Amino acid sequence: RLAADLAHRAAELDDNDPWAHLALGYLAFTARKTDDAVREFQRALDLNPNFAAAYGYLGWAVVFDGRHEEAIEYFQQAFRMSPHDPLIAFFYSGMCAAHYFARRFDEAVEWGRKTIQQRPGFIAGHRILCASLAQAGKTEELRAAMARLLELQPNISIAWLEEHVPYTPRAIAHFLDGMRKAGLE
C-alpha cells in the first residue's frame, strides 16, 4: 500500500517523470492489470524514449499476459539500449518466459541459464528455468535446478504460484503445467 501511495504521489508531483510512470506500471503489473501496466510503461517511454528499463518492464507486462512475440521485441530493445543494465538478469528471465510461452523450450532454457549465470539468487529466474527444463525434457538438469529452487524458496507450491506470481489467467495455466511437470505440487 505504501508503494502505491508513493508512486501515485510521485506522479501527482510531476506527471512528466518517467520513473513515476514506471512505478505505476509496475504496480499495475503486479496486480495483473496488463492494460494499465502497458499504458503506464508506454507513458514512461513517451516521456523518455531512451528508457531501457521501461522497455524491459513493458516486455514483462505483456509476457505475463502470454503475448510472447511482442515481449521479445521489447526485451530486445532493452538489450540494445542498455546491454549492461543492472536489470539485465530480469530481462533475460523475461526472454526465457517469452520463449517458454512460444513453446520454444530449448531457447527458453538457454535464456534461463543466462539469467542464473547473471544473478544466481534470482528466484523468479529459477522458477521459469525449471518450468522450461521440464517442458524440454531435460531431466538431469531439472533435478539440480529444482533442488536449487527449493533451497531458495522452500515454501514454493502450485498454490503459492497461483496466488503470488502475477501471470494473467491467459498465461498461468501453461506456466503451472511446466511447474507440475517439474515435480511441484
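Up top is the structure these notes are about.
These remarks concern the structure in this document. (Residues numbered from 1 in each chain as written. Predicted model: local features only at pLDDT ≥ 70, side-chain atom pairs only at ≥ 80, totals over all residues. Heavy atoms only, no water.)

Some details on the packing of aromatic side chains
Evaluated as defined, the whole model comprises 21 aromatic pairs. Look at Tyr-57 and Phe-90: their rings are 5.2 Å apart centre to centre, the planes differ by 45°, and that puts the pair in the tilted class. Taken together, the residues Tyr-57 in helix α4 (residues 52-63) and Phe-90 in helix α6 (residues 88-101) connect sequence positions 33 residues apart. According to the relative accessible area criterion, Tyr-57 is buried, its value standing at 14%. Seen from their ring centres, Tyr-100 and Phe-105 are 5.5 Å apart, and the 65° between their planes marks the pair as edge-to-face. Summarising the burial analysis for this pair, Tyr-100 and Phe-105 share the class buried. The ring centre of Tyr-92 lies 4.7 Å from the NZ or CZ of Lys-114, which sits over that ring. (Phe/Tyr/Trp six-rings, centres within 6.5 Å; stacked < 30°, edge-to-face > 60°. Helix = DSSP H or I, 4+ residues; strand = E, 2+ residues; numbered from the N terminus. Buried < 20%, exposed > 50% of the residue type's maximum accessible area, 1.4 Å probe, protein only. Lys NZ or Arg CZ within 6 Å of the ring centre and 35° of its normal.)

What about the side chain of Arg-127?
On the secondary structure map, Arg-127 appears in helix α8 (residues 123-136). Buried Arg-127, no salt bridge; nearest opposite-charge side chain is Glu-163, N-O distance 13 Å. Setting aside residues up to four positions removed in sequence, Arg-127 forms contacts with Leu-149, Gln-153, Ile-156, Trp-160, Leu-161, Val-165, Phe-175 and Met-179. (Lys, Arg positive; Asp, Glu negative; His and termini not counted. Salt bridge = Lys/Arg side-chain N within 4 Å of Asp/Glu carboxyl O. Contact = heavy atoms within 4.5 Å.)

A word on the packing of α6 against α8
At a minimum axis separation of 9 Å, α6 and α8 run at an interaxial angle of 30°. As the angle between them shows, α6 and α8 are arranged roughly parallel. With respect to the hand of their crossing, α6 and α8 are arranged in left-handed fashion. Judged by residue contacts, Ser-93, Cys-96, Ala-97 and Tyr-100 of α6 engage Ala-124, Gly-125, Ile-128, Leu-129, Ala-131, Ser-132 and Gln-135 from α8. Looking at the contact of α6 with α8 residue by residue, the classes come out as seven nonpolar, four polar and no charged. (Axes fitted to C-alpha atoms, helices over the stretch in contact; angles between N-to-C directions. Parallel < 35°, antiparallel > 145°, perpendicular 65-115°, else oblique. Left-handed = near helix turned anticlockwise from the far one by under 90°. Nonpolar A, V, L, I, M, F, W, Y, C, P; charged D, E, K, R; others polar.)

A short note on the pattern of salt bridges
Applying the stated criterion across every chain, the model contains 15 salt bridges. A salt bridge links Asp-15 to Arg-43; the shortest N-O distance between them is 3.2 Å. On the criterion of sequence distance, the pair formed by Asp-15 in the loop between α1 (2-13) and α2 (18-30) and Arg-43 in helix α3 (residues 34-47) is long-range, its members being 28 residues apart. Accessibility expressed as a relative area gives 41% for Asp-15, which makes it partly exposed. Ionic pairing is found between Asp-36 and Arg-39, a salt bridge with its closest N-O pair at 2.2 Å. With Asp-36 and Arg-39 both in helix α3 and three residues apart, the pair spans about one turn of that helix. Taking relative accessible area as the criterion, Asp-36 reaches 31% and is therefore assigned partly exposed. Salt bridges sharing partners connect three or more residues here, namely Asp-65, Arg-67, Glu-70 and Arg-170.

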